[in-house]
Amino acid sequence: MHRIVFAVALLLISTGSFAALPVAVDGQPLPSIAPMLERATPAVVNIATRKHQRLQRHPLLDDPFFRFFFDRPRQQQEREFQSLGSGVIVDARNGYLLTNQHVIDGADEIRITLSDGRKLTATLLGQDPEMDIAVLQIPAGGLTAVPLADSQALRVGDFVVAIGSPFGLSQTVTSGIVSALGRSGLGIEGFENFIQTDASINPGNSGGPLFNLRGEVVGINSQIYSRSGGYQGVSFAIPIDVAMDVGRQLQANGHVTRGRLGVGIQELDQALAKSFGLDRPRGALVANVESGGPAAAAGVQEGDVILSFDGRQIDAAGALPATVADAEPGREVELEVWRDGASRKLRVKLGGVEAEQVVAENGAPGQGRLGLRVRPASSNESGDSEPGRGLVVEEATGPAAAAGIQRGDVVLSANGRPVHDVEDLRAAVKESKDVVALLVQRGSSRIV
C-alpha cells in the first residue's frame, strides 16, 4: 500500500515538474499575442445567412392532364440554404462591418453574432462581386472597431494572425506569415491583388480580418487554394487599403466606380521579354489600345510594356487591372512604358467604369432573374460594326449559366434587338414570358 501511494506521489511530482513552463528564457519573458487578441477579438463577428431558392419543377407537374390523373397539387417548392462566414467592425459609431461578398450573396437574412453573444440582424449597404467585398450595418451600441494598417507597408515574412469562425467555431485564432504580395492571375476574382499567407483559413473564415502583431487589420481573408476543399497552406486576403476604398464607395453610393485605362494586356514570358530587350519577364504587354480611350490619348501604343502605374511597379500583367481599378477616375497618373529598348514616361488621364449589376427580373411570376452581371463592352471587346453595342458578361448564374453563357461572353442582342446598355437587356427580359434569345459573341465566333 505504501509503495503504491509513494509511486503515485512521485508521478504527480514528476508530471507537475514537466508541465510547468519557464516564464522567461535568458532573462527575457516568453512572447505572447494574448494582449493583442484581447483588444482585437471584440471587433470580429460571426455571420450566418439564410436564403430560399425555388426548385426547378418537372414540366409534367404543370401539365393539367398529368395533375388530373395523378392528383398532384400545384405548389411551389423551395429549398433553404444556410452559410457561415466572418466579418470585422470597421466603424463602431455607425455599426459598419466589412465581409466578403460571397458570404452574403443572395441572402434573404443576415444574422450577426458579436463576441459578447449579442445576436443582430444586419442590413446590406452594398456589395462588389469584382473585389468580393460587402458592407453591412448593424443597429447596436457599445461596439468595438479595430485600427487599420497601411497594407502597402506589409512585407513578405511579416507575422500575421487570422481570426474568424471556421466551421462555425467562432473567435478561432490562427497564425502564420505573409508568403507573398500582389498575387494575381488566379482566376478567383475580377480584380486580383492578394496577400498570400500560410495562416490557416477554412470554410467560415471568409470575410474575417487578417491582423499584424500590433493588432491592426492588414487584410480581409477571402479564399484558400486547395485540392481537397480544406486548408493546405495557401490562403489569400484582400489588402485592407483596397477593401476600405471599395467599402467607402459602397457606403456613399451603393456602387463602385473604377479607373479605366483602355488597353488589352498579356503576360510576358522569357522569350518575349528577351525580344523586347528586357532583362527579365516583367510588366504588362499592351496587346491592343482602345481607340479614343485614355491610353490612346496619352500615346500608349500596341507593343508597349507597362512597367509601372502611378509609381507602383507592375511585376506581372495580372497586377495591372486591380491597380488601375483602384485609381480614381479623372485622375492623371504617370505610366512608365518600355518601347524600342528604352523606358519613357507618359501622363494618362484615367477614364471611369461603373460596376453595373443586372437584376433583370422576368415579368412572369416565379421565373426568377436572368442571372447575368454585365458591363458595357469596349469597341475592341465587342468587335462590332455598330458603336456602343454589347455588354460583357462578368458573371453568369441561374438560367444564364444553365443556357451556357460564360464569363467574358459579349451579349450583342436580346430577342433580335441590339443591346447597347443594361436597360436594353432589362427591357427584353421584361417583355419575355418564358425564353430570352441572346446573340452572344465568344472570342471570334458568335453564338445564338
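Predicted model only: the values in this text are computed from it and were never measured. (Residues numbered from 1 in each chain as written. Predicted model: local features only at pLDDT ≥ 70, side-chain atom pairs only at ≥ 80, totals over all residues. Heavy atoms only, no water.)

Here's the deal with the overall build of the protein chain
Heads up, the rule is: To qualify as a helix, a DSSP run of H or I must reach at least 4 residues; to qualify as a strand, a run of E must reach at least 2; elements of each kind are numbered from the N terminus. Burial here depends on accessible area, computed with a 1.4 Å probe over protein chains only, as a share of the maximum for the residue type. Under 20% is buried, over 50% is exposed, and the range in between is partly exposed. Using a 1.4 Å probe, the Shrake-Rupley method yields the accessible areas, and only the shown protein chains count as cover for residues.
For the protein chain, the count of helices and strands is 11 helices and 29 strands. Across the 448 residues that make up the protein chain, the buried fraction comes to 41%. Surface accessibility of the protein chain: about 23500 Å² in total, with carbon and sulfur atoms responsible for 52%.

As for unusual backbone geometry
For residues other than glycine, phi is negative in most cases, and the peptide bonds are mostly trans. If you check the backbone angles, glutamine 171 has positive phi at about 55° while not being a glycine. Inspection of the secondary structure assignment puts glutamine 171 in the loop between strand E10 (159–164) and strand E11 (172–183).

Some thoughts on the environment of arginine 118
Threshold: Residues count as neighbours in contact if any of their non-hydrogen atoms are within 4.5 Å of one another.
The residue arginine 118 is located in the loop between strand E6 (109–113) and strand E7 (119–121) in this model. A sequence separation of 22 residues divides arginine 118 from alanine 140, and the C-alpha atoms of the two residues are 9.3 Å apart. When residues no more than four places from it in sequence are discounted, the contact partners of arginine 118 are Ile112, Thr113, Ala140, Gly141, Gly142 and Leu143.

Remarks on the pattern of salt bridges
Selection rule: In the sections that follow, a salt bridge refers to a side-chain nitrogen of Lys or Arg positioned within 4 Å of a carboxyl oxygen of Asp or Glu.
One pass over the full model with this rule turns up 15 salt bridges. The salt bridge involving arginine 214 is made with glutamate 216; its shortest N-O contact spans 3.3 Å. The class for glutamate 216 is partly exposed, based on a relative accessible area of 21%. A salt bridge links arginine 347 to glutamate 332; its shortest N-O distance comes to 3.4 Å. One end of the pair, arginine 347, is in strand E22 (residues 342–349); the other, glutamate 332, is in strand E21 (residues 332–339), with 15 residues separating them in the sequence.

Concerning helix H5 (residues 240–253)
Heads up, the rule is: What a helix is expected to span follows from its residue count: subtract one and scale by 1.5 Å.
For H5, built from 14 residues, the straight-helix expectation of 20 Å at 1.5 Å per residue is met to within 8% by its first-to-last C-alpha distance of 20 Å. Ile240, Val242, Ala243, Met244, Val246, Gly247, Gln249 and Leu250 are the residues of H5 that are buried. Of the residues trailing H5, glycine 254 is marked for its positive phi of about 80°.

Overview of the confidence of the model for the protein chain
As a reminder of what qualifies: A residue's pLDDT is the confidence the predictor assigns to it, expressed on a 0 to 100 scale.
Model confidence for the protein chain is summarised by a mean pLDDT of 78, while 75% of its residues fall at 70 or above. Between the elements of the protein chain, mean pLDDT differs from a low of 37, seen in helix H1 (residues 2–19), to a high of 95, seen in strand E5 (residues 96–99). Counted against residues more than four places away or in other chains, residues 1–19, with its pLDDT under 50, gives 0 contacts. Confidence over residues 444–448 falls short of pLDDT 50; this stretch has 13 contacts with residues more than four positions distant or in other chains.

Points about the nonpolar core
As a reminder of what qualifies: Buried residues of nine kinds, namely Ala, Val, Leu, Ile, Met, Phe, Trp, Tyr and Cys, make up a nonpolar core once their side-chain atoms join them within 4.5 Å.
If you look at the biggest cluster of nonpolar residues, it comprises 44 residues, and the most contacted ones within it are Leu98 and Ile112. Counting residues per element, this core draws most heavily on H5, at 6 residues. Leave out the neighbours within four places in its chain, and isoleucine 112 touches Val45, Asn46, Ile47, Leu97, Arg118, Lys119, Leu120, Ala122, Leu136 and Ile138. Counting 20 residues, the second-largest nonpolar core is a separate cluster that includes Val286, Val289, Ile314 and Ala327.

Some details on the sheet that holds strand E14 (residues 217–224)
Note the cut-off: The criterion for strand pairing is that DSSP finds at least two bridges linking the strands in question. For every element, the axis is a line fit to its C-alpha atoms; helices are fit only across the contacting stretch, and the angle between N-to-C directions ranges from 0 to 180 degrees.
Spatially, 6 strands are ordered E10-E11-E12-E15-E14-E13 in a closed barrel, and the strand pairing comes out antiparallel. On average, adjacent strands in this sheet sit at an angle of 45° to one another, irrespective of strand direction. Where E11 lies against strand E12 (residues 194–197), 3 bridges are found, and the strand directions are antiparallel. Looking at the pairing, alanine 180 lines up with glutamine 196 of E12. The strands touched by H5 are E14 and strand E15 (235–239); relative to E15, the strand with the most contacts, the crossing angle is about 55°.

Remarks on the side chain of threonine 41
Worth spelling out the cut-off: For the purposes of these results, a polar contact is taken to be a pair of N or O atoms within 3.5 Å, where, inside protein, one atom must be able to donate a hydrogen and its partner to accept one; residues adjacent in sequence count only when each atom of the pair is a side-chain atom.
Among the secondary structure elements, threonine 41 is positioned in the loop between helix H2 (34–40) and strand E3 (44–54). A distance of 2.8 Å separates a polar side-chain atom of threonine 41 from the backbone oxygen of leucine 37. Excluding its chain neighbours within four sequence positions, the residues that come into contact with threonine 41 are Ser115, Ile163 and Gln171.

Brief notes about the pairing of E14
Counting buried residues along E14, 6 of its 8 residues qualify, which places the element largely inside the surrounding structure. Two strands pair when backbone bridges link them, and strand E13 (residues 209–212) and E14 are joined in this way by 3 bridges, in the antiparallel orientation. Each residue of the ladder has a partner; that of leucine 210, found in E14, is glycine 219. Between E13 and E14, which pair antiparallel and follow one another directly, the connecting turn spans 4 residues, one of which, glycine 215, has a positive phi of 85°. One ladder, built from 5 bridges, connects E14 with E15; its direction is antiparallel. Looking at E15, one finds that asparagine 221 is bridged to alanine 237.

Notes on the pairing of strand E9 (residues 133–137)
Across the 5 residues that make up E9, a large majority, 4, are buried. Two elements, strand E8 (residues 123–128) and E9, share 5 bridges in a ladder whose sense is antiparallel. Within E9, the residue paired with glutamine 127 across the bridge is alanine 134. Once E8 ends, the chain turns through 4 residues before running back antiparallel as E9, passing aspartate 132 with a positive phi of about 60°.

Regarding helix H11 (residues 422–431)
For clarity, the cut-off: Working note: the arc is built from the helix axis to C-beta atom directions.
All of the buried residues in H11 are Val422, Leu425, Ala428 and Val429. Looking down the long axis of H11, one finds its buried residues gathered within 130° of arc, a one-sided arrangement. Residues of H11 that are exposed and point over 90 degrees away from its buried face: Lys430 and Glu431. Its side-chain oxygen at 3.2 Å from the backbone nitrogen of glutamate 423, aspartate 421 defines the N-terminal cap of H11.

Let's talk about the environment of alanine 287
Examined against the element boundaries, alanine 287 turns out to sit in strand E18 (residues 284–289). Alanine 287 gets classed as partly exposed once you look at its relative accessible area, which sits at 34%. Along the backbone, alanine 287 and glutamine 266 are 21 residues apart, and their C-alpha atoms lie at a distance of 6.4 Å.

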